[in-house]
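# Structural overview
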Amino acid sequence: MTPLLSVQGITKHYGAHIGCADVSFDLYPGEVMGIVGESGSGKSTLLNCMAGHLVPDAGQVVFDTRADGPKDTVTMSEPERRMLGRTDWAFVHQHARDGLRMGVSAGGNVGERLMAVGERHYGDIRGKATDWLERVEIDAARVDDRPTTFSGGMQQRLQIARNLVTGPRLVFMDEPTGGLDVSVQARLLDLLRGLVRDMGLSAIIVTHDLAVVRLLADRLMVMKSGRVVEAGLTDQVLDDPQHAYSQLLVSSVLQV
Amino acid sequence: MTDYNFAYLDEQTKRMIRRAILKGLAIPGYQVPFASREMPMPYGWGTGGVQVSAAVLTPDDTFKVIDQGADDTTNAVSIRSFFERTAGVETTTATTEASVIQTRHRIPEEPLTEDQILVYQVPIPEPLRFLEPRESETRKMHSLEEYGLMHVKLYEDISRHGHIATSYAYPVKVEGRYVMDPSPIPKFDNPKLSDMAAIQLFGAGREQRIYALPPYTQVVSLDFEDHPFEASKADHLCGLCDATDSYLDEVIMDDQGGRMFVCSDTDYCEARRAAGHKGKDAA
Ligand SMILES: Nc1ncnc2c1ncn2[C@@H]1O[C@H](COP(=O)(O)OP(=O)(O)OP(=O)(O)O)[C@@H](O)[C@H]1O
Ligand SMILES: [Mg+2]
Ligand SMILES: [Zn+2]
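Residues numbered from 1 in each chain as written. Chains lettered and ligands numbered in written order. Predicted model: local features only at pLDDT ≥ 70, side-chain atom pairs only at ≥ 80, totals over all residues. Heavy atoms only, no water.

## What to know about the overall build of chain A
Secondary structure summary: chain A contains 10 helices and 10 strands in total. Seen through its principal axes, chain A has C-alpha atoms that stretch 55 × 45 × 35 Å. Per-residue burial for chain A yields a buried fraction of 53% across its 256 residues. Within chain A, counting contacts between residues at least 6 apart in sequence, those at least 24 apart form 67% of the total. Roughly 10800 Å² of accessible area belongs to chain A as shown, and the carbon and sulfur atoms make up 50% of that amount. A gap of 5 Å separates the mean positions of the 26 positive and 32 negative side-chain charges of chain A. (Helix = DSSP H or I, 4+ residues; strand = E, 2+ residues; numbered from the N terminus. Buried < 20%, exposed > 50% of the residue type's maximum accessible area, 1.4 Å probe, protein only. Contact = heavy atoms within 4.5 Å. Areas by Shrake-Rupley, 256 points an atom, 1.4 Å probe, with all protein chains shown as cover. Lys, Arg positive; Asp, Glu negative; His and termini not counted. Charge placed at Lys NZ, Arg CZ, Asp CG, Glu CD.)

Next up, the structure:
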């Protein structure tokens, strides 16, 4: 089987400082990869290099495109990469306001990607937006309200709806549950798990929270100082960590 | 007038503006940056339009200025007298007699010809500004033809008002490529932008942008399949000249709240009345 995403040797420096170094892995269709590690270990740097938000110093990010099969997204043209960003890729930011247009209604936020790929029927766009609000458990009656009137958890769910409406094949998420209350986190996780399963989504999730990867990720990478120190099936890594740093990470969570 | 170079601006500045105009004509709808000069009038008075007019006027031209359809507002009168003074050109209020027409908020009703240039005063040239304030991003959106955001604006309009409520500065797409702000003309005028015989030039002074439509350029107003663009106007006849096809202003006539609808294009209305047309409110 062709990997949906094949990452090879991704390296990014900030000046002399390492952001992430020599990261490689394959992600197969329908798989969810978790990336964990302490603050500053390079998780967001890696995610942003993969999603085309940062240009890596070295390495390839090969995506199995619908039209042309596997293509290196680092070297493809910018219009092509931005098109992927609006269609087959989705990016869920930690802070919903980074991923939403706060001055635009919930319906407009969800509809934007549809309009970006050429949908021009208002009734259809609104219908799909309303469907998606319901799928992320937001009352359809809120379709014309701005996200500023939404709670943090609702904003995050709206951001997810806005990303998933075009049926992407790969979702990048950076701490999607960070900054939310524990009960709100649990509900969001349930929702994400349902969506991933129902849509057969592939996803890469960056998080501090091992409970998030336990629930969502099939596989896990542990990062330290910009490098992957351990990778494997989630349950294996969490239940029987091999690397001393992973052991520390897991045990520190168990103590909580 | 000997105090000034012809049409106020020095020759080098005019050449720089002409280069921007030529580039604009070569890439219809594309916003060309230019080094806007201080003009002896406030920005709100259309210094972008004035600079473009200064760059295209020749001593043989006949110049007309329209402000919201009228030739006699303070703004129109002072721009007209500015060029009478600094360029010594003939001026007129008759659309058919003018070779260069500077306008704010209207396109004349009388179809323009290949011998004419229409210069628009533009306050905000960037149609994407409303939803995307970062200029680096809007420039990228134009260059990559990422115009979904323009429809988000129209979507918001419909969701709030039940229809596309944008009635001025209604966004258009030029030759299937650049999305353009036609300046705050009523959307009634939008169809006139397309396939026009005259050259259309747009100048934004404060924002330092020039853009252009060469003759016979295709200009399409954005819309949705189920909310098609409509070039609407008040559903009345002109009270003075009985015109059915011109854009109307509603004017209050007396303290009793009496109203009437009259052509916003005063030259058009006068010409019709001179030709014997008479509306129900005409004395
Ligand atoms: N824009 C930047 N300029 C310079 N250094 C940066 C920049 N962004 C990140 N870094 C550095 O790169 C390293 C990796 O940062 P990164 O943000 O990828 O970590 P992270 O694992 O996402 O951390 P967190 O969990 O706190 O979000 C850190 O040492 C960080 O200080
Ligand atoms: Mg981070
Ligand atoms: Zn009239």
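## Brief notes about the pattern of salt bridges
Under the counting rule described, the total for this entry stands at 33 salt bridges over all chains. Salt-bridge contacts for R142 of chain A lead to D145 of chain A; the nearest nitrogen and oxygen are separated by 2.5 Å. R142 of chain A sits in the partly exposed class, given a relative accessible area of 24%. Owing to a relative accessible area of 28%, D145 of chain A belongs among the partly exposed residues under this scheme. A salt bridge links D281 of chain B to K280 of chain B, with the nearest nitrogen and oxygen atoms 3.3 Å apart. Residue class for D281 of chain B comes out partly exposed when judged on its relative accessible area of 27%. (Salt bridge = Lys/Arg side-chain N within 4 Å of Asp/Glu carboxyl O.)

## Focus: the site of ligand 1
Residue and element names in this part refer to chain A. Neighbouring residues of ligand 1: 13 residues in total, closest S39, G40, K43, S44 and T45. Between an oxygen atom of ligand 1 and a main-chain N or O atom of G40, the distance comes to 2.8 Å. Expressed as a share of its isolated accessible area of 630 Å², the protein-covered part of ligand 1 is 60%. Contributions of two or more residues to the shell around ligand 1 are made by β2 (17-27) and α1 (43-50). Here the shell around ligand 1 is built from residues that sort into two nonpolar, nine polar and two charged. (Near = heavy atom within 4 Å. Polar contact = N/O pair within 3.5 Å; in protein donor to acceptor, adjacent residues only side chain to side chain. Nonpolar A, V, L, I, M, F, W, Y, C, P; charged D, E, K, R; others polar.)

## Topic: the sheet that holds strand β5 (residues 117-121) of chain B
Residue and element names in this part refer to chain B. Spatially, the seven strands line up as an open sheet ordered β1-β9-β8-β5-β4-β2-β3, and their pairing is mixed. Single-partner strands in this sheet number two, and they are β1 (32-33) and β3 (90-91). Here two bridges tie β1 to strand β9 (residues 209-213), and the two strands are oriented antiparallel to one another. The partner of P33 across the bridge, within β9, is R209. Together, β2 (62-67), β3, β4 (100-104) and β5 form the strand contacts of helix α3 (residues 74-87), whose direction differs from that of β2 by roughly 160 degrees. (Pairing = 2+ DSSP bridges. Axes fitted to C-alpha atoms, helices over the stretch in contact; angles between N-to-C directions.)

## A word on helix α6 (residues 152-164) of chain A
Since the α-helix advances by 3.6 residues per turn, residues separated by three or four positions end up pointing in the same direction. Residue and element names in this part refer to chain A. In this model α6 runs 19 Å from its N-terminal to its C-terminal C-alpha over 13 residues, within 8% of the 18 Å that 1.5 Å per residue would give. With 12 of 13 residues buried, α6 is to be regarded as a mostly interior element. Every buried residue of α6 is listed here: G153, M154, Q155, Q156, R157, L158, Q159, I160, A161, R162, N163 and L164. In this structure, the buried residues of α6 make contact with β6 (89-92), α3 (96-99), α4 (106-116), α5 (122-135), β7 (170-174) and α7 (182-199). (Expected span 1.5 Å × (residues − 1).)

## A closer look at the layout of surface pockets
The computed volume of the largest pocket comes to approximately 1200 Å³. Those elements that provide at least two residues to the lining of the largest pocket are α2 (78-86), β6, α3, α4 and α6 of chain A together with α4 (135-143) and α5 (148-161) of chain B. Considering every element that reaches the lining of the largest pocket, the biggest residue donor is α2 of chain A, with five residues. Here the lining of the largest pocket is built from residues that sort into 13 nonpolar, seven polar and 14 charged. Roughly 290 Å³ of volume is contained in the second largest pocket. (1 Å grid on protein atoms, 1.4 Å probe; cavity = no way out; pocket = protein on both sides within 12 Å on 5 of 7 lines; lining within 4 Å. Points joined across faces, edges and corners; volume = space filled by probe spheres on them.)

## Details of the sheet that holds strand β4 (residues 58-65) of chain A
Residues and elements named next belong to chain A. If you walk across this open sheet you meet the four strands as β2-β1-β4-β5, and the pairing is antiparallel. The open sheet is flanked by β2 and β5 (69-72), the only strands paired with a single partner. In this sheet, adjacent strand axes meet at a mean angle of 20 degrees when their direction is disregarded. In the packing of α1 onto the sheet, contacts are made with β1 (5-14), β2 and β4, and the angle to β1 comes to roughly 120 degrees.

## With respect to the interface of chain A and chain B
On the side of chain B, 21 residues touch chain A, which itself brings 22 residues to the contact. Summed over both partners, the interface of chain A with chain B comes to about 1900 Å²; 56% of that surface belongs to carbon and sulfur atoms. When the buried area of chain A at its contact with chain B is split by residue, R82, R120 and Y122 of chain A rank highest and sum to 38% of it. Linking chain A to chain B there are five salt bridges. (Buried area = accessible area lost by both parts, 1.4 Å probe.)

## A short note on the nonpolar core
Residues V110, W132, V136, L158, I160 and V171 of chain A together with F224 of chain B are the most contacted members of the largest nonpolar core, which totals 68 residues. Setting aside residues no more than four positions away along its own chain, I160 of chain A makes contact with V92, V136, L188, L192 and L195 of chain A. One finds A7, M16, F34 and L57 of chain B within the second-largest nonpolar core, a separate group that totals 31 residues. (Core = buried A, V, L, I, M, F, W, Y, C linked by side-chain atoms within 4.5 Å.)

## Observations regarding the coordination of the zinc ion (ligand 3)
Every protein donor of the zinc ion (ligand 3) is listed here as C238 of chain B (SG), C241 of chain B (SG), C263 of chain B (SG) and C269 of chain B (SG), and their distances to the metal cover 2.2 to 2.3 Å. Coordination geometry of the zinc ion (ligand 3): the four donor atoms subtend angles of 106 to 118 degrees at the metal centre, consistent with an arrangement described as tetrahedral. (Donors = N, O, S within 2.8 Å, 3.2 Å for Na, K, Ca; no water. Tetrahedral: all angles 85-135°; square planar, octahedral: opposite > 155°, others 65-115°.)

## What to know about the pairing of strand β8 (residues 199-204) of chain B
In the case of a regular strand, side chains alternate between the two sheet surfaces. Residue and element names in this part refer to chain B. Among the six residues that make up β8, five are buried, leaving the element largely enclosed by the rest of the structure. Where β5 and β8 come together, five bridges link them in parallel fashion. Considered in β8, the bridge of I117 is made with I199. In this structure, β8 lies alongside β9, joined through five bridges in antiparallel fashion. By the bridge assignment, A204 is partnered in β9 with R209. A loop of four residues connects β8 with β9, the two strands running antiparallel in sequence, and Q208 in this loop sits at a positive phi of about 55 degrees.

## Remarks on α1 of chain A
All names here are of chain A. Of all eight residues in α1, seven are buried; the element is thus mostly enclosed. Three or more residues of α1 are buried, namely K43, T45, L46, L47, N48, C49 and M50. Two residues or fewer after α1 comes G52, characterised by a positive phi angle close to 85 degrees.

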